[in-house]
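One letter stands for each residue in the lines below.
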2 protein chains.
Amino acid sequence: MFADHSLEAIKIVAQQSFEAFKIYRNTSLKQRADLMRSIAVELEACGDELIQTAMQETNLPEVRLRGERARTIFQLTSYAAACEKGEAIEARIDTADPNKNPPKPDIRKMMIGLGPVVVFGSSNFPFAYSTAGGDTASALAAGCSVIVKAHPAHAKTSTIVAKAIDKAVVNNNLPANIFQHVYGASFEVGKALVTNEYIKAVGFTGSFIGGKQLFDWANQRKEPIPVFAEMGSINPVFLLNEKLSSSAKEIAQQYAASITLGVGQFCTNPGLIIGLKSDVLNLFIDELGKAIHSTQSAKMLHEGIARAYQEKKTKALQQNDVVLVNESELINDGISGNPTIATVSAKTFLKNTVLHQEVFGPYSLVVQCDDMSEMNLIAEHLEGQLTSTIIGTIDEIQQNDSLIQSIKNICGRIILNGVPTGVEVCYSMQHGGPFPATTDSRFSAVGPDAIKRFVRPISFQNWPDELLPDELKNANPLNIWRIVNNEFTKNAIP
Amino acid sequence: MFADHSLEAIKIVAQQSFEAFKIYRNTSLKQRADLMRSIAVELEACGDELIQTAMQETNLPEVRLRGERARTIFQLTSYAAACEKGEAIEARIDTADPNKNPPKPDIRKMMIGLGPVVVFGSSNFPFAYSTAGGDTASALAAGCSVIVKAHPAHAKTSTIVAKAIDKAVVNNNLPANIFQHVYGASFEVGKALVTNEYIKAVGFTGSFIGGKQLFDWANQRKEPIPVFAEMGSINPVFLLNEKLSSSAKEIAQQYAASITLGVGQFCTNPGLIIGLKSDVLNLFIDELGKAIHSTQSAKMLHEGIARAYQEKKTKALQQNDVVLVNESELINDGISGNPTIATVSAKTFLKNTVLHQEVFGPYSLVVQCDDMSEMNLIAEHLEGQLTSTIIGTIDEIQQNDSLIQSIKNICGRIILNGVPTGVEVCYSMQHGGPFPATTDSRFSAVGPDAIKRFVRPISFQNWPDELLPDELKNANPLNIWRIVNNEFTKNAIP
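The rules behind each value
Residues numbered from 1 in each chain as written. Chains lettered and ligands numbered in written order. Predicted model: local features only at pLDDT ≥ 70, side-chain atom pairs only at ≥ 80, totals over all residues. Helix = DSSP H or I, 4+ residues; strand = E, 2+ residues; numbered from the N terminus. Rg over C-alpha atoms; globule rule 2.2 N^0.38 Å. Contact = placed C-beta atoms within 7 Å. Expected span 1.5 Å × (residues − 1). Buried ≥ 20, exposed ≤ 12 C-beta atoms within 10 Å, placed from the backbone. Arc of directions from axis to C-beta. Core = buried A, V, L, I, M, F, W, Y, C linked by C-beta atoms within 7 Å. Nonpolar A, V, L, I, M, F, W, Y, C, P; charged D, E, K, R; others polar. Pairing = 2+ DSSP bridges. Axes fitted to C-alpha atoms, helices over the stretch in contact; angles between N-to-C directions. Least-squares fit on C-alpha atoms with pLDDT ≥ 70 in both. Domains from an automatic or database assignment. Parallel < 35°, antiparallel > 145°, perpendicular 65-115°, else oblique. Left-handed = near helix turned anticlockwise from the far one by under 90°. pLDDT = per-residue confidence, 0-100. Right-handed = clockwise from strand over helix to strand, strands pointing away.

Here's the deal with the overall build of chain A
1) Next: A count of helices and strands for chain A gives 16 helices and 19 strands.
2) Next: In terms of C-alpha radius of gyration, chain A reaches 24 Å, essentially the compact-globule figure of 23 Å for 494 residues.
3) Next: Projected onto its principal axes, the C-alpha coordinates of chain A cover approximately 75 × 60 × 40 Å.
4) Next: Taking the intrachain contacts of chain A between residues at least 6 apart in sequence as the baseline, contacts between residues at least 24 apart amount to 77%.

Overview of helix α11 (residues 279-293) of chain B
All names here are of chain B.
1) Next: Between its first and last C-alpha, α11 extends 21 Å over 15 residues, near the 21 Å set by a 1.5 Å rise per residue.
2) Next: Residues Leu281, Phe284, Ile285, Leu288, Gly289, Ala291 and Ile292 constitute the buried set of α11. Around the axis of α11, the buried residues are gathered within 165° of arc, so they sit on the same side.

Considering the nonpolar core
1) Next: Counting residues in hydrophobic clusters, the biggest one holds 325 residues, and the most contacted among them are A:Met36, A:Val367 and B:Met36.
2) Next: Not counting residues within four places of it along the chain, the set of residues in contact with B:Met36 comprises B:Leu76, B:Tyr79, B:Ala80, B:Cys83, B:Ala137, B:Leu140 and B:Ala141.

Let's talk about the interface of chain B and chain A
1) Next: In this assembly, 51 residues from chain B lie in contact with 51 residues from chain A.
2) Next: At the level of elements, β1 (92-94), β2 (107-113), α15 (394-399), α16 (401-409), β16 (411-416) and β17 (455-461) of chain B are the ones that each hand at least two residues to the side of chain B that touches chain A.
3) Next: The element that contributes the greatest number of residues to the side of chain B that touches chain A is β17(B), accounting for 6 residues.
4) Next: Looking at side-chain class alone, the side of chain B that touches chain A contains 23 nonpolar, 15 polar and 13 charged residues.
5) Next: Two elements, strand β17 (residues 455-461) of chain A and β16(B), share 3 bridges in a ladder whose sense is parallel.

As for the sheet that holds strand β15 (residues 385-391) of chain A
1) Next: Spatial ordering of the open sheet is given by β11(A)-β13(A)-β14(A)-β9(A)-β8(A)-β15(A)-β16(A)-β17(B)-β2(B)-β1(B)-β18(B)-β19(B), a layout of 12 strands whose pairing is mixed. In this open sheet, the two edge strands, each paired with only one partner strand, are β11 (323-327) of chain A together with β19 (487-489) of chain B. The mean inter-strand angle of the sheet, taken between neighbouring strand axes irrespective of direction, is 25°.
2) Next: Taken together, the 6 bridges between strand β13 (residues 340-345) of chain A and strand β14 (residues 363-369) of chain A define a ladder with parallel strand orientation. Considered in β14(A), the bridge of A:Val344 is made with A:Val367.
3) Next: Set on the sheet, helix α11 (residues 279-293) of chain A makes contact with β8 (236-239), β9 (272-276), β11, β13 and β14 of chain A; between it and β11(A) the angle comes to about 50°.
4) Next: Against the sheet, helix α16 (residues 401-409) of chain A engages β8, β15 and β16 (411-416) of chain A together with β17 of chain B, with an angle of about 135° to β16(A).

So, the relation of the copies chain B and chain A
1) Next: When chain B is brought onto chain A, the operation consists of a screw motion whose angular component is 180° and whose axial shift is 0.0 Å, with 0.0 Å RMSD remaining. With respect to symmetry, the two chain copies, as superposed, fit the operation of a two-fold axis. Closest approach to the rotation axis among the C-alpha atoms of chain B is made by B:Asn219, whose C-alpha sits 3.7 Å away.
2) Next: Interface residue correspondence from chain B to chain A reaches 100%, placing this contact among same-surface, isologous pairings.

Digging into the domain arrangement of chain A
All names here are of chain A.
1) Next: Domain annotation for chain A reports domain 1 (7-231 + 441-455) and domain 2 (236-416).
2) Next: One C-alpha centre belongs to domain 1, the other to domain 2, and the line joining them spans 33 Å.
3) Next: Residue-level contacts link 8 residues of domain 1 with 11 residues of domain 2.
4) Next: Of the residues belonging to the side of domain 1 that touches domain 2, the class tally is 1 nonpolar, 5 polar and 2 charged.

Description of the sheet that holds β17(A)
1) Next: Reading across the sheet, the 12 strands line up as β19(A)-β18(A)-β1(A)-β2(A)-β17(A)-β16(B)-β15(B)-β8(B)-β9(B)-β14(B)-β13(B)-β11(B) and stay open at both edges, with mixed pairing between neighbours. A single partner strand is all that each edge strand has here, and the edge strands are β19 (487-489) of chain A together with β11 (323-327) of chain B. Neighbouring strand axes in the sheet, compared pairwise and without regard to direction, differ in orientation by 25° on average.
2) Next: As paired elements, strand β1 (residues 92-94) of chain A and strand β18 (residues 482-484) of chain A share 2 bridges and run parallel to each other. Its bridge partner being in β18(A), A:Arg92 is matched across the sheet by A:Ile483.
3) Next: Against the sheet, α11(B) engages β8 (236-239), β9 (272-276), β11, β13 (340-345) and β14 (363-369) of chain B, with an angle of about 50° to β11(B).

Details of unusual backbone geometry
1) Next: Note that the residue after A:Phe435, namely A:Pro436, is joined by a cis bond; omega there is 5°.
2) Next: By the secondary structure assignment, A:Pro436 is in the loop between β16 and β17.
3) Next: Residue B:Asn59 is not a glycine yet carries a positive backbone phi of 65°.
4) Next: Inspection of the secondary structure assignment puts B:Asn59 in the loop between α3 (47-58) and α4 (62-85).
5) Next: Positive phi values are uncommon outside glycine, yet B:Asn173 reaches one of about 55°.
6) Next: Looking at the secondary structure, you find B:Asn173 in the loop between α6 (155-171) and β5 (179-182).
7) Next: Assessed through the 8 C-beta atoms surrounding it within 10 Å, B:Asn173 is described here as exposed.

A short note on the environment of A:Ser245
1) Next: Here A:Ser245 lies in helix α9 (residues 241-246).
2) Next: Classification of A:Ser245 by C-beta neighbours within 10 Å gives partly exposed; the count is 15.

Concerning the packing of α3(B) against α4(B)
How two helices pack is summed up by the angle between their axes together with the distance between the axes.
Residue and element names in this part refer to chain B.
1) Next: Between α3 and α4, the least distance of the axes is 10 Å, while the angle of their chain directions is 125°. Viewed along their axes, α3 and α4 adopt a mutual orientation that is oblique. The crossing of α3 and α4 is right-handed. Between α3 and α4, the contacting residues are Ile51, Ala54 and Met55 on the first element and Glu62, Leu65 and Arg66 on the second.
2) Next: Grouping the constituent residues of the contact of α3 with α4 by class yields 4 nonpolar, no polar and 2 charged.

Quick notes on the confidence of the model for chain A
1) Next: Confidence in the prediction for chain A averages 97 pLDDT; 100% of positions are at 70 or higher.
2) Next: What the predictor reports for the complex is a pTM of 0.97 with an ipTM of 0.97.

Section: the pairing of strand β5 (residues 179-182) of chain A
All names here are of chain A.
1) Next: By the alternation rule, side chains of β5 split into Phe179 and His181 and Gln180 and Val182, which are all buried.
2) Next: The pairing of strand β4 (residues 146-149) with β5 spans 4 bridges and is parallel. Bridging from a neighbouring strand, Lys149 pairs with Val182 of β5.
3) Next: Between β4 and its parallel partner β5, the chain crosses via helix α6 (residues 155-171), and the hand of that crossover is right-handed.

Section: the packing of helix α2 (residues 29-45) of chain A against α6(A)
All names here are of chain A.
1) Next: Interhelical geometry of α2 versus α6 gives an angle of 135° and a closest axis separation of 8 Å. Accordingly, the angle class assigned to the pair α2 and α6 is oblique. Along this stretch, α2 crosses α6, giving a crossing that reads as right-handed. Residues Leu35, Ser38, Ile39, Glu42 and Leu43 of α2 touch α6, and the partners they reach there are Val161, Ala164, Ile165, Lys167, Ala168, Val169 and Asn171.
2) Next: Broken down by class, the residue content of the contact of α2 with α6 amounts to 8 nonpolar, 2 polar and 2 charged.

Regarding the pairing of β14(B)
Residue and element names in this part refer to chain B.
1) Next: Within β14, 7 of the 7 residues are buried, leaving the element largely enclosed by the surrounding structure.
2) Next: Neither face of β14 is open: one carries Tyr363, Leu365, Val367 and Cys369, the other Ser364, Val366 and Gln368, and all of them are buried.
3) Next: Examined bridge by bridge, β9 and β14 share 5 bridges and lie parallel to one another. Residue pairing in the sheet places Leu276 in a bridge with Cys369 of β14.
4) Next: In this view, the connection linking β13 to its parallel neighbour β14 by way of helix α13 (residues 346-351) has right-handed handedness.

Given below as structure tokens:
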């Protein structure tokens, strides 16, 4: 339905994006925030058509998609508010000191946009991490122009959203090409975008193979560029027995719900649960299995994802020593995914890294440890993760410090007595983690700090006040927080 | 004199560094600051021996080395102060909201150290960007353990400094291996360090070839890691005629001093001056040439650097259309570098990228443009730079906005009516720039913000106050600035 852009067309799009960036980078924080709020309004104005189209393309239920659109609108408006407040600008001012030897010049620093950003949206969040999602919002707030490659699995949805963004751009009298939307089911389009000289950064949400390929292309360029790829994660959950004993059934119910939420198609889905062999762990496994068994299969995003789920799950279940605990009935329609729980010994898990790989869907593996030292070994040797969760009492946390330290070392967010699914959009959110969870653990893909991925600092030395950007003028006309002569302040400089 | 570490020894060093990191990452901001201040004290206590050794190894004069040690001490103490203030921690707190649907959990985020950091010091700053230099100070402030590979050109100096750091580590009752010092003249030692699984980041100051090689090794690892390589820069200076006319002789004197400062061995040395063909430009070139002619040759850091200077300069001068303006007398001792000025037309410069390459030493090329559109073309097409400088009146800046925008796009620091040499150690300093000036334009190698290179965020979700790090506790016992529910504050949370 939507033909791939030609490689020639991609070249033109990239150059147009740079031309638009040259104008957009000089917009005020308020202009950017206004644009983002306009996009939010236009997204709402897409009404039922957008929801219905997304339902057809993703099999996600209406209530979920309405909720996700609301989340996307919240992202746009909350990042807009953050943009206006200027925290991501990181303004720093050191005033001149003519009495120093040699004399110290006046120097002022702020963040500016990196340049044109390419966004590859995710299949599992057709709104919140797609065309007008977190990466696009972050890049626009940063002062960057954006090229979105429509996700082939929801290209119609993406087109409706792109038109809404176009309308907002026009309404705000900004250059049309600060946002461009391209189609490309083939990998050549993605490669042409990432390797184009005008492109200065990439946002991606998807598989490890896809993200790593973009990362490699970006680093092999003559001028390497940053790639923020959010890839796989199995989000380990560590069960400590005292806490588990107090409410094994409730925790099992809570985890059955978390594992099967959205047919398990969340990057924070708990795909690994690590416990200590004991009667209470047996009880937990039994209850979790029963709850999973009674959960209905449901349609996944598309047939390719359903097929991959069955294949990866089958491969995991075929590994030596892995035992199926329970599963729900499979609807054999080629697109549904049936929730499944398996279990394995820690010894086997530590040896077999196939079991460390993400099975994207409603699947979780319970690893049974002989003792705490085995649990420690797993925490020490797991690959990088978006999240880790600990189920434990305060006493247990205090008594197992080395375990907690090892867990902190492998993840971006550490949850106590909760579930990893549910990613709040707020400053304190770290959605990211050590490789291979993401390609850059130093940044978050969610929350206003996500803006920081697409900026770089520039210093102005010895510039008179009238030539400085508003962010750095003596009077602080934007009323933003700045570090002035080593102190945080909103005060003007006398 | 110092044998290279074996590859087996490097493996042990890296693992020891990780073991030490596991303890050091839990130190308080105050403990880290105390360590850094102790290192400063020990550096001072090295006394004349350190200065004399560095003089022998680098040919740098005593006054310069005493100044550089003072700068290094200032770096350590000012980063220590910043470390204690906690700005680099970027604490963010969002308190729970049980009335939200679904209920919003309590989430708190802060920066933690990436892990063991390898530092490759520079030859031209034996103190300030070497063993106890900016990278080491940043990494220690970030909570990372450090392995320094001694620069082969000043291995004795490096050894004295390393012993001073060791003493400070012992005096602060910290694990000995949070700082380790290794030798390696061969590239294999560097490769073994950068590709070791325990190493999580790299700091480097040196040549493009060296930095790019480390960057490639780091990105080809199974788990890629960030490399902060500060590489070459020719630091273009754009001369606008009105300002130049007002003081051509003074500006020529100022630039002759900047070009020859430290025998031109600064990464911010102005190696490229772009002007508009005119009588005043001729006057400037003539004066600059005369001043350069009357500057004495001086010993460079070592014979390899002196040889490279002569070779690269000769290659530049041999390019078609390049004309020698003036030079000072060469002392034929195999180690001295003679200041040299050449000139070329903009047309040739734009076509011949050999002329865009850094000639490390007291050399600068004056490019003569027919008109402003040629100057604009140069600004648009130059490779990434640490700094750019504009010599112009306020009117000229206002009338040449597209030139200023293009210049901003290619550099990290933009100086008005000054010289690029002289890099203040302060928050507002951006010492970095688009590739190939550095491998990561998003960070500075100088100033307290340099700490941010070696940290990553971690979120704590639903943790009780007593289990949280001090940085995130309700009472704010460290009295640091935090973003609490979207607002900057030092207030405690009720």
